[in-house]
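Chains, contacts and geometry: an overview
Chain by chain, the residues run as shown.
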Amino acid sequence: KVPCTMAAGFLLQFASAPAVVAPRRHPAVVGRASTIGGTPAVTDRTAVGTLSLPSLGIGTIAWNGKTEEDKARIAGVAAAAQARGLDFFDTAERYGASPLSLIPAALAGLGLPVDKSYLGGDCESNLAEWGRGATVATKFTPTPWRRQASDVVDAARGSCERLGVDSIDLYQLHMPDIIQPFRAFGVVDRKDEIYWDGLAEAYKSGLVRNVGVSNYGGALLERAQEHLARQGVPLVSNQIAFNLLCRREGSLATLEKGNELGVRTLAYYPLAMGLLTGKLAARNLRQAVLEKRVSPQRAADLCRYLEGGSGGTAGDIPRNGVLPLLEAVSDVAAARSKTPAQVALNWVMCKGAIPVGGASSVSQVEDNLGALGWRLEPSEVGQLDAAADDLPFDFKGAGFQTTDSKF
């Protein structure tokens, strides 16, 4: 999942509604468990509203294959995940669109007469095929020209069409209404309550089965819950950046507020863009830049987290970066006969959240699956908490992908 900021985020948010494609109709399935026995995802599940979800979700922002080979690989990953009971996929109406490709859409949203034939929604359309039979969550993007509750309803209807379903399992607001282009001139026009009304209308009309929010802090989360409750609509989830490296800047407090309110936290970046897997190496990231597989900005920030340094999104990171925390995670993993990634994901579950991580290969699905069916002991959670608290920095994302721009 990617909260977008700066130029990339501006373009992604300042686009009008994605074009509707002809749907491939099929009934939505709620909380389906795998028919294949022996996988912990069948029994290690969490209730979120009316849904029974595996306690680990899969984010699909990267499930937008550009080549037939890529599409076949992603389809295989999705099939492998569902066969193992990992049948909860998270997407958004904006996933699948690059910032540059959305320039026409952004200008069209400002009322200029330009081509708006491509407006995103690719990941939703792909999930009509790859996610068939899974539980799918998607998101509405607040923008300055979406000014009525009916805009939320219309957007939900468009997502249904692209997903090929009659009703969305979980429909979320992607962020608070923070895109305020005239803020510098003292003009702020927040439409959060209008969007909450739109969620309620979509829920009552049957377009969505459950409603949630994303990137909400504790105070706004409580306001949203109260507003929806007055209309008889339960708020079931809040999706935020949360992991062992991302706890200080309000995320842990927001998770605890969600637990208090009975609103389930979904945690994106549960492995901090791979930093908590123990597999990232600075030399490999630099090579990936040369091969144009990773953007220079993202690689530079991840290298700072690994080695130390200043600048970029990461900010000031001391020498050896995340190494002390990785050593603590690796110690627990070795004692448990688990991988560091499995321990890091399990830590998120122990805090009461559902981690929503990416999966680009079947082997990644298998590794993620190993985080289910067990829980860390309180003493192990405390050990990891202490190691994280000893670091003088938080994970703030990398490149244009940040954790604190909307939350």
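Another aspect to go through is the pattern of salt bridges. Tallied over the full model, the rule gives 24 salt bridges. With a shortest N-O distance of 3.0 Å, Asp394 and Arg248 are connected by a salt bridge. Separated by 146 residues along the polypeptide, Asp394 in the loop between α14 (378-389) and β11 (397-398) and Arg248 in the loop between β8 (235-241) and α8 (251-261) bring together distant segments of the chain. Given a relative accessible area of 7%, Asp394 falls into the buried group. Look at Arg248 and you get partly exposed, because its relative accessible area is 42%. In this structure, Arg336 engages Glu380 in a salt bridge whose closest nitrogen and oxygen atoms are separated by 2.8 Å. Linking Arg336 in helix α11 (residues 323-336) with Glu380 in helix α14, this pair joins segments that are 44 residues apart in sequence. Of the residues examined, Arg336 reaches a relative accessible area of 25% and is grouped as partly exposed. Classification of Glu380 as buried rests on a relative accessible area of 14%.

Summing up the model confidence of the protein chain, the mean pLDDT is 86 and the portion of residues at 70 or higher is 83%. Here residues 1-36 is modelled with pLDDT under 50, and outside its nearest four sequence neighbours on either side it reaches 131 contacts, counting other chains as well. In the predicted structure, residues 114-119 sits below a pLDDT of 50 and forms 19 contacts with residues beyond four places in sequence or in another chain.

Positive phi outside glycine occurs at Asn215, with the angle close to 60 degrees. Mapping Asn215 onto the fold places it in the loop between β7 (211-214) and α7 (218-229). Exposure remark for Asn215: the relative accessible area of 1% places this residue in the buried category.

Attention now goes to the packing of α7 against α8. With their axes 9 Å apart at the nearest point, α7 and α8 run at an angle of 25 degrees to one another. In terms of orientation, α7 and α8 fall into the roughly parallel class. In this structure, α7 meets α8 at a crossing whose hand is right-handed. The segment α7 lies against α8, with Gly218, Leu221, Glu222 and Gln225 engaging Thr254, Lys257, Gly258 and Leu261.

Along strand β5 (residues 135-140), six of the six residues are buried, which leaves the element largely enclosed by surrounding structure. Side-chain alternation along β5 places Thr135, Ala137 and Lys139 on one buried face and Val136, Thr138 and Phe140 on a second face that is also buried. Two elements, strand β4 (residues 88-90) and β5, share three bridges in a ladder whose sense is parallel. Residue pairing in the sheet places Phe89 in a bridge with Val136 of β5.

This part is about the packing of aromatic side chains. Given two aromatic rings, their pairing is described by the distance between the two centres and the angle made by the two planes. Counted according to the given criterion, the structure contains eight aromatic pairs. When the centroid spacing of 5.1 Å and the interplanar angle of 70 degrees are considered together, the rings of Tyr268 and Tyr269 count as edge-to-face. By the burial criterion, Tyr268 is buried, and Tyr269 matches it. On the basis of an interplanar angle of 35 degrees and a centroid distance of 6.4 Å, the ring pair of Tyr305 and Phe393 is categorised as tilted. A residue pair is termed long-range when its members are at least 10 positions apart, and Tyr305 in helix α10 (residues 296-307) and Phe393 in the loop between α14 and β11 qualify at 88 residues. Across the pair, Phe393 and Tyr305 agree in class, each one buried. Through a chain of ring-to-ring contacts, the aromatic side chains of Tyr268, Tyr269, Tyr305, Phe393 and Phe395 assemble into a single cluster.

Thresholds applied
Residues numbered from 1 in each chain as written. Predicted model: local features only at pLDDT ≥ 70, side-chain atom pairs only at ≥ 80, totals over all residues. Heavy atoms only, no water. Salt bridge = Lys/Arg side-chain N within 4 Å of Asp/Glu carboxyl O. Helix = DSSP H or I, 4+ residues; strand = E, 2+ residues; numbered from the N terminus. Buried < 20%, exposed > 50% of the residue type's maximum accessible area, 1.4 Å probe, protein only. pLDDT = per-residue confidence, 0-100. Contact = heavy atoms within 4.5 Å. Axes fitted to C-alpha atoms, helices over the stretch in contact; angles between N-to-C directions. Parallel < 35°, antiparallel > 145°, perpendicular 65-115°, else oblique. Left-handed = near helix turned anticlockwise from the far one by under 90°. Pairing = 2+ DSSP bridges. Phe/Tyr/Trp six-rings, centres within 6.5 Å; stacked < 30°, edge-to-face > 60°.

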